[in-house]
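Residue-level structural notes
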Amino acid sequence: MVVQSTYAPNDSHPHLRTLNSCLAPVYSVLGRSVITAEGLPAAEPYGTSLVAGRLSEFHASQCGYCTPGFTVACHAALHNAAAAAADGGAAATAMPATPDDGSLLRALDGNLCRCTGYRPIVAACRSLAAEVTDIEDLCRRRTAGATAAGSISPVAATACGSGTADVTSSGSSGSSGSCGDSSCTEISLGSRQVLKVPRSLEQLVSEAGRLAAAAAGRSTPSWRLVAGHTGHGVFKDWPLEEEVLVAVAEVPELRRLEIMAANDGLVNCEEATSAREVSYHLHIGACTTLERLAAHLAHRAQGVAAEEEVAVAAVAPGGTGADNNSDVAGTAFGVRQWAAETSAHLYRIAGRHVRNSATVGGNLVLARERSLPSDVATLLAAAGSEVELVVVSSDPETHGSVRRADLLEFVTGAAPSLPPGASYILTAVRVPLPPADPRVRFWSHRIAERYSNAAAVANAAVLVRLSAAEEAEGPRPVVEEVRIVVGVRTPGGGASAPGAPHDSLSEHNAAKLKDATVVLLDGWQCLRAKAAEAALRNQAATAATVVAALEALAATDLAEVTAAASATAAAAGDEEKAVAAVTIAQGLVAQGLMACLGLSPTPPAAEIQAAPGVDVIKAAAGVENGDGDGGADCVHGAAKVAVHEGVNGDADGAAEAAVIISANGHGITAHSRPDQQPQQPQQPQCSSMSSPPPRRMPPPPLVEGRQFLTDAVPELLPVTQPVPKLGSKLQASGTALYTEDVPVHRGALYGAFVLSARACGRLAGIDASPAVSLPGVVRFLGASDLAGVGPGGALNACEKPPVGAGAAEKTFLEVGGKCEFAGQLVGVVLADSHVAAQRGAKAVHLMYDTSTDGDAPLLSIADAVRARSFYQLPGLLPSFPSGNTYGDKNSVLSKGGSDVDKVLSTAAAPAAAALTAAALGGGERDESTAIAGVPGSASPPPRPSTLRVVCGRYFTPSQLHFYMETQSAVAWPDEDGCVVVHSSCQGPDFVQGGVSAALQLPLNKVLVRCRRVGGGFGGKLTFARRVAVVAAVAAVATGRQVRISVPRNTDAVMWGGRCETDVSYVAVLDDCPAEDGDPDASSSNVHGQQDQTSSPHQRRAPPRFRALDIHAVMMGGAQKDISFIDAMGMIAAVDSVYDIPAFRLEVALARCNLPPRTAVRGPGEINATMVIEQIMEHVAAELKVDPEALREANFLKAPPPPPPPSPEPDCANDVATAPGQGVAAAAPMEPVVTTALGKTIPLRQYTLPYMWSRLQRVADWERIKAAVESFNATSPWRKRGVAMIPTRRVGGAAQGYTMYRGKKPAYVSLLQDGTVQVACHGVEMGQGLWTKVAQVAALTLSEVLPHSRRPLDISFIRICDNSTELLPHSGVTGASTTSEIACAAVRLACLQLLKNLREFALPKMAGREDFGLRAPLSAFAWGGQSDLPESSRGVAVGPLAPQYHVMGVALGVVELSAFHPTHIKRFLKTFLHLRQVDILTGDRRVLRSDIMFDLGRPVNPAVDLGQVEGAFVQGLGMMLQEEVTYDSTTGALVQNSTWNYKPPSVSCVPQQLNVHMLNDAPLASEGPVSSKACGEPPLLLSAVVLAALQRATAAARTATSTSVGSTSNGGDGSGAGQVMKGSGGGSARSGFVPLLAPATVERVRVMCGREGAAEIIKRNLSNW
Ligand SMILES: Cc1cc2nc3c(=O)[nH]c(=O)nc-3n(C[C@H](O)[C@H](O)[C@H](O)COP(=O)(O)OP(=O)(O)OC[C@H]3O[C@@H](n4cnc5c(N)ncnc54)[C@H](O)[C@@H]3O)c2cc1C
Ligand code: FES
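Treat the numbers as computed from the prediction; the structure is a model and nothing was measured.

Our focus in this paragraph is the site of ligand 1. What surrounds ligand 1 is a group of 37 residues, the closest being Leu-225, Gly-228, Thr-230, Thr-359 and Asp-375. In this structure, an oxygen atom belonging to ligand 1 sits 2.5 Å away from a main-chain N or O atom of Leu-225. One of the backbone nitrogen or oxygen atoms of Leu-426 is found 2.8 Å away from a nitrogen atom of ligand 1. Protein coverage of the free-state accessible area of ligand 1, which is 970 Å², stands at 93%. Listing elements by their share of the shell around ligand 1, those giving two or more residues are strand S8 (223-226), helix H8 (231-234), helix H15 (360-370), helix H16 (375-382) and strand S14 (423-432). At four residues, the largest contribution of residues to the shell around ligand 1 is made by H15.

Quick look at the structure:
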């Protein structure tokens, strides 16, 4: 990301415009001043830019790959606000002098970070926003000699380009450019491509005419207009390959944005004139950017005079003249209200950096030509706009003629009619401005996966003119005119508008058959709801009218879309999406009509009374006096934030806006603003129609929260101190180097992968000749070329054959080989540039033979189960016994406690495996055994009345790694047959082994190096090896340096992510005793006669588990890779902390024709956590007990105290007592807690019960729960859910999974100048490994320093790149344990150095002034935690010491926009007394999350805090929005780009995120390294969000309205439900239906009921 500086006339400071550099071709910034993160002005005391320094200080950089982008975005926001203030333009631009939260949200909404969870980034930016009040602040503290590039001198900003118009690297000559003159510039872009830059409309039209004439008769287009170039960000597979590009953005006429008189002969749109009296229109030049338009309208919305516009209007042809100024101002009411809506909506399109370039014209053309899901079209069409075009034709008769058309007709292709063969230049949009009449209302909204930077699922805009109630007959006004425009996503590209030129979409999607990297696009329909409008026109503005309109909408306007979308979606197996998009669209229209017609109910008093619940949810964290953490402190809490009120917030928003949350370093206080006290119910406003439109969910406030860190231990400093991460300033300032930055020599080659597009059949042939003939392409390298590579030939293998685990994995699919998955590597194209290589890769022609092995690919777990396609797990997990469901060795079993089968048999319950068999049709099922509840099975035997059975099915989804730095490698041949490889990897050893195997080189001839990695999350453990192997083989084959940087969409389709899991479970519980007054008590425990009521009251005491049987089939992908780790993780974590006397887990790993699955942060463990917590939710719902009480009742219990009793406090049972302090001498027989599957936890390390109750106390759990209940009881349009879960991550060799994975190397050297060089195991990839290692080294080496010089400043310590040459045998970085191991090894090496120093060096240096570390000594250590001298005093359990379990608890509160039928009824009864209404859209927000974690004693608590927050938010993405699906035809990944894969952005994180680290936690070791794994365990806690959302969804649903998913599953063993796409098995009786992850807006909407808004209202209307 970069900034480009621009000047407005009369401004002395430039405006900084942020750009996505990947969307901005170099020529687009020719002659302009562009600044990168490196070029921002340095400021003291940082030595970097102010923003970079602050980001570092706030621990806001982890892997750092995204950080320069945030630096630039924040700098630009600060600069622009301050510049506007300095130039006196703040008022004119409605921009606050310092960015407020809303401005910051918009400034950062186009940036993504996969590591941090955004909280520290926001905190850093916020702190600057409060400080930087002056433009000089950004550079006034400049360090001497530093350039002031970021302050942008006017000279630099206005200077022309170099005068060299050739911007290609290849140096093709071109005609000379010009700047500042008015001639049309022509620039050579190389590859026979030319850019023309006309400077006037006349030039543009005549240039276009010449090009059209030259192109006449040619079949392929030879020229194209370009505006902001952002279309490429959506249509990534639409190469810009025309011979001539014509830039339109420099044409001044196309950038006009001004108000003009209407009725000047230009307005001919019937509806526009009949809708209202049009006085003025807004002329929007086609090249107006979306950001400029949004800012302009925001400015108008605030009612600030825009003198320059009025002035322009006065002088422009057709302008209003000065006399009309007052009239323009007089339209402020109408304009203001319309402008506010439109501006707010525009600000949600894409991200700031796209909006800064994207033009209105480009958007509308893409909507017309390519079915872009355009918000601009919906917004402007609803306002009655028209477009103005100039015809471009080879026919001089028609060329240059002007056409006008209704905007919607233009977008849908219905108008204007163009001469045959002609094209057009869109010159302007004219928007009639609403008159100054409060009876005219405009409303618009969109629903998308993220608040911003995500394409809409649906959008709608409504314009209404009402009669004056006083003049109309009756108390209600009449709808005089109405315009409704709706946009709907049509999955799979179906349902193009009739006549729309959208064939290109299906053509585009068909390309996926040949190219797996193609980004599949959904269709989009933008339509005028004419039937709904007709139902409204001349009718009284009542609810009944709205119902009629909604019925017409559904039955007529949306009917075609519904049918077409359903057909397409059903074919793609995606029916849920089709249902959701249409119902969301209906919901939006209902919401808009209610708003515009004044059916805007004021919340009844009760609802307003409930509003304080919001305060509790947002502000309760830590409100209690003192947190009790013994002085725990915030890291950076200083912030003061007023919760937003959106342009259209609703009643809840208003209530929220009444809360000001002030957070400072030590506390949070909440109070109501005096001017916004709870209101009294208002009198009906409808008759006067003077009330403002209702408010919607406001923009999400930026995250804030409190962080409670562990205390620093003075004698261990700098260990335990939150020192800033090493290298973070480099990262934030853009100067940190990644593999991508390794300089390449002249003549280097670039590689691009050629991939199979099929998941079945055989590769019949490869024709690379079309690629090789392209300019720049050097050669193609595939499997058949390997024999000739290098002196000994290369093997088609990217690893050494693993012992006992089958053949080595192949590098390339060879001709004749079976296509295993779409995305499989076939070969690599090598070219002299990245672009040429990519182009070449797409040109390679692959042939397939589907006649043999042409069976349908296995694309799901169900497919694999039916085909009996499994990996043999016991071979991979030798410590587990084999299961028997799928035959020999196809599954593993883990059992604990007494015999599960016996309990199941007593309870007459089915086995979990039988449920899977019944549901998936696979596996062996003994039909002779009666299986309770399984359809088709014999009648179940009677069940003892003392037992309850709950069984169900569940599904956990996949998740992509989505590291910000995609896979990359650079390799070159070195002397003596050696090869050097730089690889972005998590294990240089792995890469070394792979390259050595492929090239048949000895290991010592392969040098692999890695400085840092821009995010790995498991994706660079094994996959990085494959990229590096190809680079190395290609380098040897060509004798040249080869760089491979894998593009995002290629990276996504080649590697699978997390294993999905299909789970069946059967739980047997003791019957729960009924409490007094339970009406169901007498019948509730009889099989088949459960209570039928849906009373929300939880009346029963929580029951205890007797047995739990879980059968899990995981998805293993087409190659096994290391997906077995997921199975291990499942076994390791599934028993969590629950005391279940008989527990059985059987896991199988399915082999499917999908990209290989591998480890993703928390592999298997997150699946396990979701499963066990879902079982808790299900049991609680079935048995009507409080879910948290159920969990608590089943926590592991402490064993009876051993004799003699332990002197340590027992934190497990005494919740009021802090856990153990430090470590005492290890008791020889320390009591342990044993988990259900047999893992042992030293009792005093079992901190979970303590944390459970403690978090409840500090977070004020009871108040939050009560507030949520009260909110739900009184809120008709939103529901909330709150949940709390525990997690445990395992250690223990018994599970084949030790936290400390043995010994690792470290090499520490003292250099003669007193600096220290450290080489250690582990790759720095954001987890702070370097920083922790440096802290431990500094502490340890300090021992030889005089006390006055302790601790050693860690700036003296440098951590070396990870290199197989310097430190072989480093293994991989993963499992969250590398930092601990590396710290331990470095400490051992330092201790060795100390010994040597004391023995040999210090005696010689004694008495010298520079006494210290200036002795040239080095020490090597090979060891781990258990070798540290202090570990002998650590807690030991048997021979496995030291080991630990990582435990944490979390609660989450979510909000869901819901339209509850019972409340509708009430609303209909009382709407006259109400003011506002919302409607169900599936929209959801995480309001608050509180986390408490036992991380031992962190080496660096700030780094660990970052891991906790980042992991939690990454998990949140999996729970809510990161959808992974595969094309049912090709088996290729659908969500392979940022366009359709949606990790959390800054607007998605919990609005309040509080993290408590358990202070003074019991230690595993007394030494300085006594921390616990923190990289992955916190991700497991994100399951709490799904549980909370599930409860909110349940609250939104009623038995009468629900027709969701499968409800056939008997909660009492009465049925085996199906795992639906949207839901797991559920129970008809309890109404329990699992909400599957990711809970996208579409899925949530369907889960709330499939009925449209009209049906819901109508059904209840009769009772009204
Ligand atoms: C990440 C991302 C997210 C987005 N999200 C949204 C969203 O949520 N909602 C939404 O509405 N849009 C969204 N967009 C689309 C965005 O608004 C469009 O990319 C943009 O408006 C196109 O404008 P442009 O100036 O960059 O067009 P370009 O990319 O330069 O051109 C696009 C097409 O329009 C043609 N063209 C351009 N100007 C003219 C003209 N004056 N006359 C004739 N033809 C012309 C070009 O020849 C080309 O065919 C998103 C884009 C991105 C990259
Ligand atoms: S720090 Fe943001 S992606 Fe890694």
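Now that the structure has been shown, we can carry on.
Spatially, S2-S1-S3 is the arrangement adopted by the three strands of the open sheet, whose pairing is antiparallel. The open sheet has two free edges, formed respectively by strand S2 (15-19) and strand S3 (34-35), since each of these has just one partner strand. Of the pairings in the sheet, the one linking strand S1 (residues 2-6) to S2 comprises five bridges and is antiparallel in character. What sits directly across from Gln-4, in S2, is Arg-17.

On to the pattern of salt bridges. Side chains bearing opposite charge may pair, as long as their charged atoms lie close to each other. Taken as a whole and assessed by the stated rule, the structure comprises 64 salt bridges. Two residues, Arg-32 and Glu-250, come together in a salt bridge whose shortest N-O distance is 2.4 Å. Of this pair, Arg-32 sits in the loop between S2 and S3 while Glu-250 sits in the loop between strand S9 (244-247) and strand S10 (257-261), and the two are 218 residues apart along the sequence. Members of the salt-bridge network, linked through shared partners, are Glu-1173, Glu-1177, Glu-1188, Arg-1191 and Arg-1591.

A few words now on the UniProt feature "binding site: [2Fe-2S] cluster 2" (unreviewed entry) in the protein chain. When the UniProt feature table is mapped to this numbering, "binding site: [2Fe-2S] cluster 2" (unreviewed entry) covers Cys-63, Cys-66, Cys-113 and Cys-115. Across 53 residues, the annotated set stays spatially compact, with a maximum C-alpha separation of 9.4 Å. The topology assignment puts Cys-63 in the loop between helix H1 (50-57) and helix H2 (67-86). Ignoring sequence-local partners within four residues, the contact set of Cys-63 consists of Cys-115, Gln-731, Tyr-738, Arg-1012, Val-1013, Gly-1014, Gly-1015, Met-1325 and Gly-1326. Summarising the element assignment, Cys-66 is placed in the loop between H1 and H2. Sequence-distant contacts of Cys-66, that is, excluding residues within four places in its chain, are made with Leu-112, Cys-113 and Met-964.

Calculation criteria
- Residue positions are given per chain, counting from 1 as you read along its sequence in written order.
- Naming scheme: in the order in which they are written, chains are lettered from A and ligands are numbered from 1.
- Per-residue local features of the predicted model are confined to residues with pLDDT of at least 70, and side-chain atom pairs are confined, for both listing and counting, to 80 or more; whole-chain, interface and lining totals are unaffected and use all residues.
- To obtain the side-chain values, all non-hydrogen atoms of the structure were used and water was disregarded.
- A single heavy atom is enough: if one lies within 4 Å of a molecule or strand, its residue is considered near that molecule or strand.
- The term polar contact refers here to a pair of N or O atoms within 3.5 Å; inside protein, the definition further demands a hydrogen-donor-capable atom paired with an acceptor-capable atom, and it admits residues adjacent in sequence only when both atoms are side-chain atoms.
- Surface exposure here means Shrake-Rupley accessible area, sampled with a 1.4 Å probe, where a residue is shielded only by the protein chains that are shown.
- By the criteria applied, helices consist of DSSP H or I runs no shorter than four residues and strands consist of E runs no shorter than two, each listed in order from the N terminus.
- Pairing between strands requires that DSSP locate at least two bridges from one strand to the other.
- Salt bridges are defined by distance alone: a side-chain nitrogen of Lys or Arg within 4 Å of a carboxyl oxygen of Asp or Glu.
- UniProt positions are given in the numbering used here, feature names are shortened, and annotations may be inferred rather than shown by experiment.
- A contact between two residues is defined here by any heavy atoms of the two lying within 4.5 Å.

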